[in-house]
Amino acid sequence: MMQTIRSIKKMQQVARKIAAEGKTTALVPTMGFLHEGHLSLIRRARKAADIVITTIFVNPAQFGPREDLSKYPRDEKGDIRKIRKAGGDIVFIPKATDIYPDDFQTYITVERLTRSLEGESRPRHFRGVTTIVAKLFNITQPDVAVFGQKDLQQAYVLKQMANDLSWPIKFVIAPTVREKSGLAMSSRNKFFSPEQRLEACCLYYALRTAEAMVKSGVKDTVKLTKEMRAVIRATCPTAKVDYIALSKPTSFLPVYEVDRGTFCLLAVKVHGVRLIDNMKLR
Ligand code: PAF
């Protein structure tokens, strides 16, 4: 039977009991409205530990003032059902007022890794992510934490935080799950009409173009990004590119020539919805 826990204290008691029994736990933090991408993380966690804890918390601290916190989709009942089916043991759903009481004033900041890309476009976003995940680590005491590759910079920022703060947690970064069209699964895809959903594939098409160019020997990142912009324009003429970057996860700073370990990462606003995606090019 899957257990649903809403109180922080109760979750801490259960985590202590699991550890006392000598069992290991894997944590899958989510903001709910689960899709196949999240479920793949739960299935991956299932393989990594005895007990899988999934958390659902739409974290206000990681949304900017003009971002979509109030519009963020929610479906708690559906989520609980999906987590049970995917093999979850515990779902932890804390209240915002318990996580951030009125006198809350402590935040975690990872420095260098958060200065570029998502960190540059969304000031204070990563501060919110690291703070909530630090709290979830403290509350659930996991041995393993599973994150999706779609949020590549987030996964590496969190890994950095865990290393810097000496949390003995093994990180698993699981591959991005895509729709048949190539569109990366995201809770935000629900905002699209069927036609807009096709246009949202512009990120994937651009990445595949870069991948093919690199395979054929192109290394110059200026050439690659120029071609990617053209593909985005052709697929979704109204798209607004936030960034297209070629970087390595060690720094997330730009590389000028693609070599081993280079990823392409991009953020594009499609019909008012900000999407991100990435692919390893070599
Ligand atoms: O990737 C997400 O859904 C969120 O950023 C996370 C890791 C659950 C923290 O709120």
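Residues numbered from 1 in each chain as written. Predicted model: local features only at pLDDT ≥ 70, side-chain atom pairs only at ≥ 80, totals over all residues. Heavy atoms only, no water.

(A) Structural context of the sheet that holds strand β9 (residues 273-280). Spatially, β7-β8-β9 is the arrangement adopted by the three strands of the open sheet, whose pairing is antiparallel. Among the strands making up the open sheet, the edge pair consists of β7 (240-247) and β9. For this sheet, the mean inter-axis angle between neighbouring strands, taken without regard to orientation, is 10 degrees. Where β7 meets strand β8 (residues 263-270), seven bridges bridge the pair, whose relative direction is antiparallel. What sits directly across from Ala245, in β8, is Leu265. In the packing of helix α10 (residues 221-235) onto the sheet, contacts are made with β7 and β8, and the angle to β7 comes to roughly 150 degrees. (Pairing = 2+ DSSP bridges. Helix = DSSP H or I, 4+ residues; strand = E, 2+ residues; numbered from the N terminus. Axes fitted to C-alpha atoms, helices over the stretch in contact; angles between N-to-C directions. Contact = heavy atoms within 4.5 Å.)

(B) View of the nonpolar core. By size, the foremost hydrophobic cluster in this structure holds 42 residues, and its most contacted members are Met11, Ile90, Phe92, Val133, Phe137 and Met161. For this core, the secondary-structure elements that each account for two or more residues are α1 (8-20), β3 (51-56), β4 (90-92), α6 (125-140), β5 (144-148), α7 (152-164), β7 and β8. Counting residues per element, this core draws most heavily on α6, which supplies eight residues. When residues no more than four places from it in sequence are discounted, the contact partners of Met11 are Ile5, Ile53, Ile90, Phe92, Ile139 and Thr140. Leu183, Leu224, Val231 and Ile232 belong to the second-largest nonpolar core, a separate cluster that totals 31 residues. (Core = buried A, V, L, I, M, F, W, Y, C linked by side-chain atoms within 4.5 Å. Buried < 20%, exposed > 50% of the residue type's maximum accessible area, 1.4 Å probe, protein only.)

(C) How the structure looks around the site of the ligand. Lining the immediate surroundings of the ligand are Pro29, Thr30, Met31, Asn59, Gln62, Val129, Ile132 and Gln154. Interatomic distance of 2.7 Å between a side-chain N/O atom of Gln154 and an oxygen atom of the ligand. Burial of the ligand by the protein chains amounts to 88% of its free accessible area of 290 Å². At the level of elements, β2 (25-30) and α6 are the ones that each hand at least two residues to the shell around the ligand. Per-class residue counts for the shell around the ligand are four nonpolar, four polar and no charged. (Near = heavy atom within 4 Å. Polar contact = N/O pair within 3.5 Å; in protein donor to acceptor, adjacent residues only side chain to side chain. Areas by Shrake-Rupley, 256 points an atom, 1.4 Å probe, with all protein chains shown as cover. Nonpolar A, V, L, I, M, F, W, Y, C, P; charged D, E, K, R; others polar.)

(D) Expanded view of unusual backbone geometry. Positive phi, close to 45 degrees, is recorded for Leu117, a residue that is not glycine. Turning to its location among the elements, Leu117 is positioned in helix α5 (residues 117-121). Relative accessible area serves as the criterion here: at 9%, Leu117 is assigned to the buried category. For Ser166, which is not glycine, the phi torsion reads 60 degrees and is therefore positive.

(E) Representation of the pattern of salt bridges within the structure. Applying the stated criterion to the full structure yields 12 salt bridges. Between Glu76 and Arg6 there is a salt bridge, with its nearest N and O atoms 2.6 Å apart. Taken together, the residues span a long stretch of sequence, with Glu76 in helix α3 (residues 76-86) and Arg6 in the loop between β1 (3-5) and α1 at a distance of 70 residues. With relative accessibility at 41%, the residue Arg6 sits in the partly exposed group. (Salt bridge = Lys/Arg side-chain N within 4 Å of Asp/Glu carboxyl O.)

(F) Quick look at the packing of α6 against α7. The geometry of α6 relative to α7 is characterised by a closest axis approach of 10 Å and an angle of 55 degrees between their N-to-C directions. Taken together, the axes of α6 and α7 are oblique relative to one another. Where α6 crosses over α7, the two elements pack in a sense that is right-handed. Residues Phe126, Val129, Thr130, Val133, Ala134 and Phe137 of α6 form the contact with α7, whose participating residues are Gln153, Gln154, Val157, Leu158, Met161 and Ala162. Taken together, the residues of the contact of α6 with α7 break down into nine nonpolar, three polar and no charged. (Parallel < 35°, antiparallel > 145°, perpendicular 65-115°, else oblique. Left-handed = near helix turned anticlockwise from the far one by under 90°.)

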